[in-house]
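A look at the structure
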Amino acid sequence: MRNLSRLMLAVAFLFVLGVSIASARSLTQAGADDITSGGQLYDKWYAVLGVAAPDGDMPIWERQLTNTRSGADTWRCSECHGWDYKGSEGAYASGSHATGFPNVMKLGASMSVDEIVGHLKGSKDKSHDFSRYMDDATLAKLAIFLKEGAIDDGEFIDSVTLKVKNGNLEHGKSLYAETCAKCHGDDGKTIIFRSEGINEYLGSVATRDPYRFLHRTRFGVAGTEMPIGRALGWTPVDGRDVLAYAQTLPTGYEQEPVSDAGAGSETSPQMGGPAAGTAGGIFTGILAGLGMAGLSVLFLGLLVVVGAVAVWAMRSRK
Ligand code: HEC
Ligand code: HEC
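Residues numbered from 1 in each chain as written. Chains lettered and ligands numbered in written order. Predicted model: local features only at pLDDT ≥ 70, side-chain atom pairs only at ≥ 80, totals over all residues.

Regarding its fold elements, the protein chain presents 12 helices and two strands. Ordered by position from the N terminus, the helices and strands of the protein chain form the series α-α-α-α-α-α-α-β-β-α-α-α-α-α. Looking at the protein chain as a whole, 35% of its 318 residues qualify as buried. Contacts in the protein chain between residues at least 24 apart in sequence constitute 71% of all its contacts with a sequence separation of at least 6. (Helix = DSSP H or I, 4+ residues; strand = E, 2+ residues; numbered from the N terminus. Buried ≥ 20, exposed ≤ 12 C-beta atoms within 10 Å, placed from the backbone. Contact = placed C-beta atoms within 7 Å.)

In structure tokens:
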């Protein structure tokens, strides 16, 4: 009898241990890919963190007059430094998104992660201080993204027509059919993006703002089920080929607009859904942990009942 209950205790102990190790592991994995989180923060950090954008315009915004947007958009790294990260030296050199603000891919490459974090805390320019809104760990993700995740796609894309150069359409088509068509549809029109008052489809985003297309294909859109290219193991060439194919999809325009990377804005990532960004990931991890803890309590309860029945059966046999 003693031995039986000891055995049951040992089994229960091992079970609980296993559950805690499993949930601890799911917590660390949720925060593992800093580059992807950094990429999503660069896109729209306040949506990733699930907070409202700060009131009014970002203080640096008044240093330029070309880009007439206001409010929340002015707080996004992408709005000031571009989807190609090259600011005034890239696609946002002209067009409605032009700000004249600098190329952070180049500047970031010459800075250490700590220096970038310092800059994001206002060390050099008080107006460029984001430390009220993001903690050091979050700012470090942005820095790691800029140093290691920002990829120069310039050689793939014609700077005038914005068309992919030398893309492999067949390869892009098969990647699209495997991974994208189930949500966006064969023609890219199943999901409609409302942006600045017009409807956009995957084909029009690819045509008007190829760099945004590549960024979001690579890092995903926070708060959606959209797969993350990096997590799928896609290379820059895979992204380029899908973009090349997406540029052949219908744009939905009666007339082709002038190519202008500046013309398109973008949809808003929303919070919610599993593992969106780190905060969401941790939350999902905790929930999973709780769920498993609940299961183990149930399991323990069952063990106790079985034990009690066994004891009763043995006693009554005597
Ligand atoms: C409102 C526009 C604006 C926004 C939003 C903005 N920046 Fe900047 N950024 C600038 C300007 C202007 C400069 C150059 C002047 C300066 O350093 O303040 C700059 C400089 C930088 C530099 C170079 C620093 C150096 O020492 O040369 C980095 C890196 C950078 N920004 C990253 C970011 C990141 C990451 C975000 C998003 C959290 C961001 N920026 C958001 C306008 C902006
Ligand atoms: C599970 C469904 C799903 C799959 C699969 C999917 N997407 Fe998406 N995609 C979405 C959702 C949802 C959005 C966000 C829509 C919104 O914000 O209104 C989105 C947005 C996008 C955007 C951003 C558009 C913009 O306005 O900036 C791009 C680019 C994109 N998807 C490309 C792709 C590509 C390329 C693939 C294949 C690798 C793909 N998607 C696969 C669901 C999906």
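To continue, consider the confidence of the model for the protein chain. A low pLDDT score tells you not to read the predicted coordinates there in detail. Residue-level pLDDT values for the protein chain average 84, and 75% of them are 70 or greater. Below a pLDDT of 50 lies the segment residues 21–32, which in the model reaches 18 contacts outside its immediate sequence neighbourhood of four places, other chains included. pLDDT under 50 marks residues 270–281. Its contacts with residues more than four places away, or in other chains, come to 29 contacts. (pLDDT = per-residue confidence, 0-100.)

Further remarks concern the site of ligand 1. Close to ligand 1 lie 24 residues; Met58, Cys77, Cys80, Asp125 and His128 are nearest. At the level of elements, helix H3 (77–81), helix H4 (104–109), helix H5 (113–120) and helix H6 (136–149) are the ones that each hand at least two residues to the shell around ligand 1. (Near = placed C-beta within 6 Å.)

Attention now goes to the environment of Leu169. With respect to the helices and strands, the residue Leu169 is situated in helix H7 (residues 169–184). Take Leu169: there are 13 C-beta atoms within 10 Å of it, and that puts it in the partly exposed class. The spacing of Leu169 and Leu243 is 74 residues in sequence and 9.0 Å in space, taken between C-alpha atoms. In this view, Leu169 contacts Ala244 and Tyr245; residues no more than four positions away in its chain are not counted.

Here H5 crosses H6 at 125°, and the two axes come no closer than 9 Å. Classed by the angle they form, the pair H5 and H6 counts as oblique. In this structure, the crossing between H5 and H6 has a hand that is right-handed. Between H5, through Val113, Ile116, Val117 and Leu120, and H6, the contact on the second element is made entirely by Asp136, Leu139, Ala140, Leu142, Ala143, Ile144, Leu146 and Lys147. (Axes fitted to C-alpha atoms, helices over the stretch in contact; angles between N-to-C directions. Parallel < 35°, antiparallel > 145°, perpendicular 65-115°, else oblique. Left-handed = near helix turned anticlockwise from the far one by under 90°.)

A few words on unusual backbone geometry. Within the chain, Tyr85 stands out as a residue other than glycine whose phi angle is a positive 70°. As for its placement among the helices and strands, Tyr85 is situated in the loop between H3 and H4. Positioned with a positive phi, Leu162 is a non-glycine residue whose angle comes to about 65°. Mapped onto the fold, Leu162 is located in the loop between H6 and H7. According to the C-beta neighbour criterion, Leu162 is partly exposed, with 18 such atoms within 10 Å.

Here we come to the packing of H7 against helix H11 (residues 236–246). Geometrically, a packed helix pair is captured by the angle between its two axes and the distance between the axes. At a minimum axis separation of 7 Å, H7 and H11 run at an interaxial angle of 90°. In terms of orientation, H7 lies roughly perpendicular with respect to H11. Of H11, the residues touching H7 (which contributes Leu169, His171, Gly172, Lys173, Leu175 and Tyr176) are Asp238, Asp241, Val242, Ala244, Tyr245 and Ala246. Class assignment for the residues of the contact of H7 with H11 results in seven nonpolar, two polar and three charged. (Nonpolar A, V, L, I, M, F, W, Y, C, P; charged D, E, K, R; others polar.)

Within helix H9 (residues 210–219), 10 of the 10 residues are buried, which leaves it mostly tucked inside the rest of the structure. Tucked into the core, H9 has its buried residues touching helix H2 (34–49), helix H8 (202–208), helix H10 (229–232) and H11. Residue Gly220 follows H9 closely and has a positive phi angle near 80°.

In this model H6 runs 18 Å from its N-terminal to its C-terminal C-alpha over 14 residues, within 8% of the 20 Å that 1.5 Å per residue would give. All of the buried residues in H6 are Thr138, Leu139, Lys141, Leu142, Ala143, Ile144, Phe145, Leu146 and Gly149. Close packing links the buried residues of H6 with H2, H4 and H5. (Expected span 1.5 Å × (residues − 1).)

With 24 residues, the main nonpolar core has Leu120, Leu139, Leu142, Ala143, Phe145 and Leu146 as its most contacted residues. Among the elements of the structure, H2, H3, H4, H5 and H6 are those that each provide at least two residues to this core. Looking at which element gives the most residues to this core, the answer is H6, with six residues. Those residues in contact with Ala143 that lie beyond four places of it in its chain are Val113, Ile116 and Val117. Trp83, Tyr176, Val205 and Ala244 belong to the second largest nonpolar core, which has 21 residues in total. (Core = buried A, V, L, I, M, F, W, Y, C linked by C-beta atoms within 7 Å.)

Here the focus is the environment of Asp209. The topology assignment puts Asp209 in the loop between H8 and H9. Through-space distance from the C-alpha of Asp209 to that of Lys163 is 10.0 Å; in sequence the pair is 46 residues apart.

This brings us to the environment of Gly82. Following the sequence through the fold, Gly82 ends up in the loop between H3 and H4. Separated by 20 residues in sequence, Gly82 and Pro102 have C-alpha atoms that sit 9.3 Å apart.

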